Amino acid sequence: MSTLAANLQPLSRENFLFMRDLLKKETAIVLADGKEYLVETRLATIATRHGFGSVNDLVAHLRTSFATGPGTPRAEVIDALTTNETLFFRDLAPFDALRDTIIPELATRSAGAPLSIWSAACSSGQEAYSLTMLMAEHHPTINYRIVGTDISSKVLDKAKSGTYLQHEINRGLPAKLLIKHFRQQAGAWIISEDLRRRVEFRYLNLIGAWTGLPKCDLILMRNVLIYFDVETRRDILRQARMLLRPGGYLSLGGAETTVQIDPAFTPVTVGRATFFRVN
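About the criteria used
- Residues numbered from 1 in each chain as written.
- Predicted model: local features only at pLDDT ≥ 70, side-chain atom pairs only at ≥ 80, totals over all residues.
- Heavy atoms only, no water.
- Helix = DSSP H or I, 4+ residues; strand = E, 2+ residues; numbered from the N terminus.
- Rg over C-alpha atoms; globule rule 2.2 N^0.38 Å.
- Buried < 20%, exposed > 50% of the residue type's maximum accessible area, 1.4 Å probe, protein only.
- Lys, Arg positive; Asp, Glu negative; His and termini not counted.
- Charge placed at Lys NZ, Arg CZ, Asp CG, Glu CD.
- Pairing = 2+ DSSP bridges.
- Axes fitted to C-alpha atoms, helices over the stretch in contact; angles between N-to-C directions.
- Contact = heavy atoms within 4.5 Å.
- Parallel < 35°, antiparallel > 145°, perpendicular 65-115°, else oblique.
- Nonpolar A, V, L, I, M, F, W, Y, C, P; charged D, E, K, R; others polar.
- Salt bridge = Lys/Arg side-chain N within 4 Å of Asp/Glu carboxyl O.
- Core = buried A, V, L, I, M, F, W, Y, C linked by side-chain atoms within 4.5 Å.

This brings us to the overall build of the protein. Regarding its fold elements, the protein presents 12 helices and 10 strands. What you see for the protein is a C-alpha radius of gyration of 20 Å, in line with the 19 Å of a compact globule of 279 residues. Overall size of the protein, expressed as C-alpha extent along the three principal axes, is 65 × 50 × 30 Å. In the protein, buried positions account for 50% of the 279 residues. Charged side chains of the protein number 33 positive and 28 negative; the gap between the two group centres comes to 4 Å.

This is how it looks when you write it as structure tokens:
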């Protein structure tokens, strides 16, 4: 049997439950029943790279090896199973609201102090860089700083490089912004140094300590809470509330809300988007 075929052997129920428990312990992400195929396909390449005959063999190794440094199977498994779906100007409506209403309001309130923006679970950086382009195009005189954080060191390295392949560029980035803010090199596109310097990318696990984060005027935590149970959502929202400056805004994904989880937030409709502000 080829290595690839071996890696695609069905994941045992026992090993799936182990991986589900491991992912929840490390990240608080809840892996639902029926996701065995997702685990199998995402871990097959890791199993091959580290010389295991199957994903089941890889999981057997994880049961006894607790090394977590870069390049270890455990670290790569956590990277592979955390969702990294992202694109430029995702859903668009929140960016329209930021451009026309939220950013001008926050800038007026800040009285010249730099706006502080946090892109939580930023993945490979498209959301943070979308914000830098929005500011460059529509609010070039407003001073700001952006911190992007993620649990995956792999996607953070990509975000720091500001380098994207054509299929990634095709997902949401208008051609005029591509031409203006990127340069092409060796079949990839690299965002301008001016915009790359506007974002600081760093590691942060949302269920761990939120150390080193500044007080924020705006937090984007979009399409993240859906992967956590209610108690974890409540704790994350509590910490977000404490980090926001008075009058600051929280942006969540279209399927996410603070309602019945943290009543200290009030939903605010801005155009076609909903933001959340502390009462």
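This part is about the pairing of strand β5 (residues 188-191). Neither face of β5 is exposed, since A188 and I190 on one face and W189 and I191 on the opposite face are all buried. With three bridges connecting them, strand β3 (residues 163-165) and β5 associate as antiparallel partners. In the sheet register, L165 faces β5, and the bridge partner there is A188. The sheet contact formed by strand β4 (residues 182-185) and β5 spans four bridges and is antiparallel. Across the sheet, Q185 pairs through a bridge with A188, a residue of β5. Joining the antiparallel neighbours β4 and β5 is a turn of two residues, in which A186 adopts a positive phi near 50°.

On to the sheet that holds strand β8 (residues 244-252), then. Reading across the sheet, the seven strands line up as β6-β2-β1-β7-β8-β10-β9 and stay open at both edges, with mixed pairing between neighbours. A strand with exactly one partner marks an edge of an open sheet, and here the two such strands are β6 (199-203) and β9 (265-270). The sheet shows a mean angle of 25° between the axes of neighbouring strands, taken without regard to direction. Relative to β6, strand β2 (residues 144-150) is paired through five bridges, and the arrangement is parallel. Residue pairing across strands places T149 opposite R202, the latter belonging to β6. Helix-sheet contacts for helix α12 (residues 230-243) involve β1 (115-119), β7 (216-221), β8, β9 and β10 (273-278), and the interaxial angle to β8 is about 140°.

Where helix α2 (residues 13-27) meets helix α3 (residues 36-49), the closest approach of the two axes is 10 Å, and the angle between their N-to-C directions is 80°. As summarised for this structure, α2 and α3 are arranged roughly perpendicular, according to the angle between their axes. Facing α2, whose interface residues are R13, F16 and M19, α3 presents E36, V39 and L43. A per-class count over the contact of α2 with α3 returns four nonpolar, no polar and two charged.

Another aspect to go through is the pattern of salt bridges. Evaluated as defined, the whole model comprises 21 salt bridges. Across the pair D217 and R245 runs a salt bridge whose closest N-O atoms are separated by 2.8 Å. Here R245 lies in strand β8 and D217 lies in strand β7, a separation of 28 residues in the sequence. On the accessibility criterion, R245 (28% relative accessible area) is partly exposed. With its nearest N and O atoms 2.7 Å apart, the salt bridge here joins D235 to R238. Remark: R238 and D235 occur in helix α12; sequence separation between them is three residues, near one turn of the helix. What you see here is one network of salt bridges that share partners, running through R13, R20, D33 and E36.

Moving on, we get to the environment of L131. Along the polypeptide, L131 turns up in helix α7 (residues 126-138). With 29 residues separating them along the chain, L131 and K160 place their C-alpha atoms 15 Å apart. With residues up to four places along the chain from it excluded, the contact list for L131 reads F95, L98, I117, I146 and L220.

The strand order β3-β5-β4 describes an open sheet built from three strands, whose pairing is antiparallel. Because the sheet does not close on itself, it has two edges, and the strands there are β3 and β4. On average, adjacent strands in this sheet sit at an angle of 35° to one another, irrespective of strand direction.

Turning to the nonpolar core, a few remarks are in order. M19, L43, W118, L206, W210 and M221 are the most contacted members of the largest nonpolar core, which has 46 residues in total. With sequence-adjacent residues up to four places away left out, M221 is seen in contact with W118, A120, L206, W210, I236, L250, S251, L252, G253 and E256. Core analysis: the next-biggest nonpolar cluster, separate from the first, contains 42 residues, L115, C122, A128 and F201 among them.

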